[in-house]
Amino acid sequence: MDTYIEFQKRRKKLADTLGEGIAVISNSDESSRNRDCNYPFRSDSYFHYLSGFPEPEAVIFIVAGDQPRAILFCKPKDTSKEIWNGYIYGPEEAAKQFLFDEAYSLEEINKIAPKILKGYIPNKSIYCLPSTTPSNCAIKSIANLQNWTGQKKVVEDKYVDLSKVLDGMRCLKSQGEVNIMQKSANIAAQAHIYAMGITKPGKFEYQIEGEILNQFMKNGARYPAYSSIVAGGHNACTLHYVSNNSLLKDGDLLLIDAGCELEGYASDITRTYPINGKFTSPQKDIYQIVLSAQKKAISKVTPGNYFDDPHKAAIEEIINGLIDLKILKASHDEVFEKELYKEFFMHRTSHWLGLDVHDTGKYFDNPLDGEASRPIKFKDSNVLTVEPGCYIKPNSNVPEEFWGIGIRIEDDVLVTSSGNKVLSSNAPKEVEDLEDVIGSLNE
Ligand code: GLY
Ligand code: MN
Ligand code: MN
């Protein structure tokens, strides 16, 4: 796989960008679920981005300067441990496969790290992620960072937050990353189509969730990117509903927010549709408003536009639509100024997408002196979600026919040189297309 070369290029680029100094990046720790059982291990996204190395208890040093080098500390080979927990690369094989200049056993880190760090403090910077600076060192494997520098006192301003540089890199996707994200979106879209096909009244939400997970795995994605939201009826008005334990009722809508993780990259798709296969008139009214808001928002995703342009477009559609339906009972200007629409559309329209479902990357430009900070502008190869919604709680002060309707439509969108590409376009969202698919599969 040539991605190992891509990981190596990222380390080189990081060293070039830093110019001098040392970056220290540690992988996440395993976390215990209960006695002797861990949660499935997932690498820290920054660590993965720079290495692809899949083991916990590993630390990378990237030395910038005239002769940049990348050094990995990892678990030593241990055949008795391998009997229980499987293959361990060990430094020699890890260096070869993951293209590190040097690799050592983690057991040697207290001996070798001081030599690598010698002379860096107080002269040059040490770059760390916020969780691994000496004053906030959550990660066991580099708890000794301060000692390794030979300094008795923490020289805080010599520890520079590495996330700023790495976030800038992660926010612009390479062609290799885009290819994986397209596959991740295809698998998730396929799972949504399958879920639509098997939806009918009388099933439990978690039974649909189970089929979605099955589709992810069947198609090569081992994990969901986040806990799937499978929310029938007014459960959809709880934005992060993950209980998924209610019965699906005839006449209700079903909101599914589910995406998979493929080679570390998340997809994040939401579709909302009628459980019995046919929208009621009030459901369709709200659905068309959200769909139109989503399409207008997507049309604003283009290089040079501001990050909040899609959100502004979505708000406009939702305000006008809800005023037409008399759900909002004030003038457009009053609704806008007093943000009355937030009773029904209370979240943002977009977030960056990548290794993390809510990916790193800044949303505002650094203001120049005296200027207010402004939303960042889209650039070619950014990936974001576009996901407006409308949620009308039961007993709201609106006509009763709208009570309990919760709708969100979410797609994954790549910024291209001339506009955008919807990576998740395989998942249907037009009313007629949804009505054709719902309940169409015999299990
Ligand atoms: N699935 C989480 C989100 O849509 O942001
Ligand atoms: Mn989502
Ligand atoms: Mn999202």
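Quick notes on the rules
Residues numbered from 1 in each chain as written. Chains lettered and ligands numbered in written order. Predicted model: local features only at pLDDT ≥ 70, side-chain atom pairs only at ≥ 80, totals over all residues. Heavy atoms only, no water. Buried < 20%, exposed > 50% of the residue type's maximum accessible area, 1.4 Å probe, protein only. Helix = DSSP H or I, 4+ residues; strand = E, 2+ residues; numbered from the N terminus. Pairing = 2+ DSSP bridges. Axes fitted to C-alpha atoms, helices over the stretch in contact; angles between N-to-C directions. Core = buried A, V, L, I, M, F, W, Y, C linked by side-chain atoms within 4.5 Å. Contact = heavy atoms within 4.5 Å. Near = heavy atom within 4 Å. Polar contact = N/O pair within 3.5 Å; in protein donor to acceptor, adjacent residues only side chain to side chain. Areas by Shrake-Rupley, 256 points an atom, 1.4 Å probe, with all protein chains shown as cover. Nonpolar A, V, L, I, M, F, W, Y, C, P; charged D, E, K, R; others polar. Donors = N, O, S within 2.8 Å, 3.2 Å for Na, K, Ca; no water. Tetrahedral: all angles 85-135°; square planar, octahedral: opposite > 155°, others 65-115°.

(A) Seen up close, the pairing of strand 14 (residues 269–274). A large share of strand 14 lies buried, amounting to six of its six residues. Neither face of strand 14 is left uncovered, since the one carrying Ile269, Arg271 and Tyr273 and the one carrying Thr270, Thr272 and Pro274 both have all their residues buried. Two strands pair when backbone bridges link them, and strand 11 (residues 253–258) and strand 14 are joined in this way by six bridges, in the antiparallel orientation. Paired with isoleucine 256 across the two strands is arginine 271, which belongs to strand 14.

(B) Focus on the sheet that holds strand 6 (residues 102–105). If you trace the six strands from one edge of the open sheet to the other, you get 6-5-4-1-7-8, paired in mixed fashion. Sheet topology places strand 6 and strand 8 (159–161) at the edges, where each strand pairs with a single neighbour. Strand-to-strand twist of the sheet, defined as the mean angle between neighbouring strand axes without regard to direction, takes the value 25°. Sheet topology places strand 7 (residues 126–128) next to strand 8; three bridges connect them, and they run parallel. Counterpart to isoleucine 126 in the pairing with strand 8 is tyrosine 159.

(C) Quick look at the nonpolar core. One finds Leu72 and Ile286 to be the most contacted residues of the largest nonpolar core, which totals 109 residues. Considering every element that reaches this core, the biggest residue donor is helix 8 (residues 175–198), with 11 residues. Once residues lying within four places of it in the same chain are set aside, the contact partners of isoleucine 286 are Leu322, Leu325, Ile327, Cys390, Ile392, Phe402, Ile405 and Ile407. Grouped together as the second largest cluster of nonpolar side chains are 20 residues, Ile22, Ala113, Ile116 and Tyr120 included.

(D) Quick peek at the site of ligand 1. In the vicinity of ligand 1, the contacting residues are Tyr226, Asp257, Asp268, His351, His358, Glu387 and Glu410. In the environment of ligand 1, an oxygen atom lies 3.1 Å from a nitrogen or oxygen atom belonging to the side chain of glutamate 387. Alone, ligand 1 offers 190 Å² of accessible surface; in the complex the protein occludes 88% of this. Across the shell around ligand 1, the residue classes break down as one nonpolar, two polar and four charged.

(E) Structural context of the coordination of the manganese ion (ligand 3). Protein coordination at the manganese ion (ligand 3): the donors are Asp268 (OD), His351 (NE2), Glu387 (OE) and Glu410 (OE), at 2.0 to 2.2 Å from the metal. Around the manganese ion (ligand 3) sit six donor atoms, and with donor-metal-donor angles ranging over 51 to 154° the site reads as irregular. Along the chain, the residues donating to the manganese ion (ligand 3) are arranged with the sequence spacing D-x82-H-x35-E-x22-E. Between the two metals, the manganese ion (ligand 3) and the manganese ion (ligand 2), the spacing is 3.3 Å, and aspartate 268 donates to both. Note that aspartate 268 is positioned in the loop between strand 13 (265–266) and strand 14 and glutamate 410 in the loop between strand 17 (406–408) and strand 18 (411–415), a separation of 142 residues in sequence. The class for glutamate 410 is buried, based on a relative accessible area of 0%.

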